[in-house]
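Structure assessment
Listed below are the residues making up each chain.
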Amino acid sequence: EGFGLVYIEAAQDGWCDGTVCPVDGNIGGNSVNRTPKYQAVVGAQWEGQLPSGLGYYLRGDLTYQSKQYMSLLNTGYIPERTLVNARAAVTGEQWEIALWAKNLTDEDYVSSALFLGFSNAYTGFLGRLRQYGLEASYRF
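Since this is a predicted model, take the numbers as computed values, not measurements.

The rules behind these values
- Residues numbered from 1 in each chain as written.
- Predicted model: local features only at pLDDT ≥ 70, side-chain atom pairs only at ≥ 80, totals over all residues.
- Heavy atoms only, no water.
- Salt bridge = Lys/Arg side-chain N within 4 Å of Asp/Glu carboxyl O.
- Buried < 20%, exposed > 50% of the residue type's maximum accessible area, 1.4 Å probe, protein only.
- Helix = DSSP H or I, 4+ residues; strand = E, 2+ residues; numbered from the N terminus.
- Pairing = 2+ DSSP bridges.
- Axes fitted to C-alpha atoms, helices over the stretch in contact; angles between N-to-C directions.
- Disulfide = S-S within 2.5 Å.
- Phe/Tyr/Trp six-rings, centres within 6.5 Å; stacked < 30°, edge-to-face > 60°.

**Things to note about the pattern of salt bridges**
Pairing between side chains becomes possible if they bear opposite charge and their charged atoms approach one another. Here the structure, examined in full by the defined rule, presents 3 salt bridges. With a closest N to O distance of 2.9 Å, Asp-61 and Arg-59 form a salt bridge. A residue is classified by how much of its surface remains accessible, and Arg-59, at 31% relative accessible area, is partly exposed. The partner of Arg-87 in a salt bridge is Glu-96, with the nearest N and O atoms 3.1 Å apart. It is possible to trace a salt-bridge network through shared partners that takes in Arg-87, Glu-96 and Glu-135.

Right under this line is the structure:
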């Protein structure tokens with residue numbers, strides 16, 4: 001039954017039908033909105049030296065986020081997602097040149113959403129598709 005927390009606006013405006021969410025607006029025991037229950041990042045990096053004496057590294061990262069509810073009523077949610085990022089670089093003593101990619105597998109996903117209480121609707125925002133680039137840096 002939860003902790004007896006009541007979402008007053010939902011109860012007064014009749015947003016709930018007793019099936020999807022309680023008519024009295026009781027949200028006790030619901031998951032915190034806009035917060036995934038689980039998040040994880042796993043990365044691996046391989047470093048070495050080229051015959052020229054320059055260094056290099058290859059790096060991959062896997063990020064996971066479980067579903068997250070978008071309202072206090074826990075009626076709508078963003079599905080879980082897993083994204084892959086990668087980076088490959090050649091390094092000197094004071095410089096680095098790297099190729100990188102984010103969302104390497106080009107996943108379509110919703111990154112966030114807002115519950116619009118006045119219209120009882122959601123609006124979603126898509127996450128970035130695959131991005132890649134070249135980066136150069138120099139340390140003084």
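**Observations regarding unusual backbone geometry**
Phi angles above zero are rare outside glycine, and Arg-34 is one such case at about 60°. Relative to the assigned elements, Arg-34 resides in the loop between α1 (8-12) and β1 (39-49). Backbone geometry places Asn-103, a non-glycine residue, at a positive phi of 50°. Positionally, Asn-103 belongs in the loop between β6 (95-102) and β7 (110-116). For Asn-103, a relative accessible area of 3% puts it in the buried group.

**Examining the sheet that holds strand β2 (residues 55-65)**
Here we have 5 strands laid out as an open sheet, ordered β1-β2-β5-β6-β9, and antiparallel in their pairing. Strand pairing shows two members of the sheet lacking a second neighbour, β1 and β9 (131-138), which therefore form its edges. Along the sheet, successive strands turn relative to each other by an average axial angle of 15°, direction set aside.

**Here we look at the state of the cysteines**
In total, this model carries 1 disulfide according to the counting rule given. In this model Cys-16 forms its disulfide with Cys-21; the gap between the sulfur atoms is 1.9 Å. One quick way to see it: the torsion about the S-S bond of Cys-16 and Cys-21 is about -100°, and its sign makes the bridge left-handed. Across this residue pair, the class does not change: Cys-16 and Cys-21 are buried.

**Quick notes on the packing of aromatic side chains**
Two descriptors summarise a pair of aromatic rings, namely the distance from one centre to the other and the angle between the planes of the rings. Within this structure, the stated rule accounts for 3 aromatic pairs. Between Tyr-69 and Tyr-77, the aromatic rings sit 6.0 Å apart at their centres with planes inclined by 75°, giving edge-to-face as the arrangement. Taking the centre distance of 5.3 Å and the plane angle of 75° together, the rings of Tyr-138 and Phe-140 count as edge-to-face. On the accessibility criterion, Phe-140 (90% relative accessible area) is exposed.

**Some points on the environment of Gln-65**
Along the polypeptide, Gln-65 turns up in strand β2. Judged by relative accessible area, Gln-65 falls into the buried class, the value being 12%. When the C-alpha positions of Gln-65 and Leu-83 are compared, they lie 9.0 Å apart, and in sequence the two are 18 residues distant.

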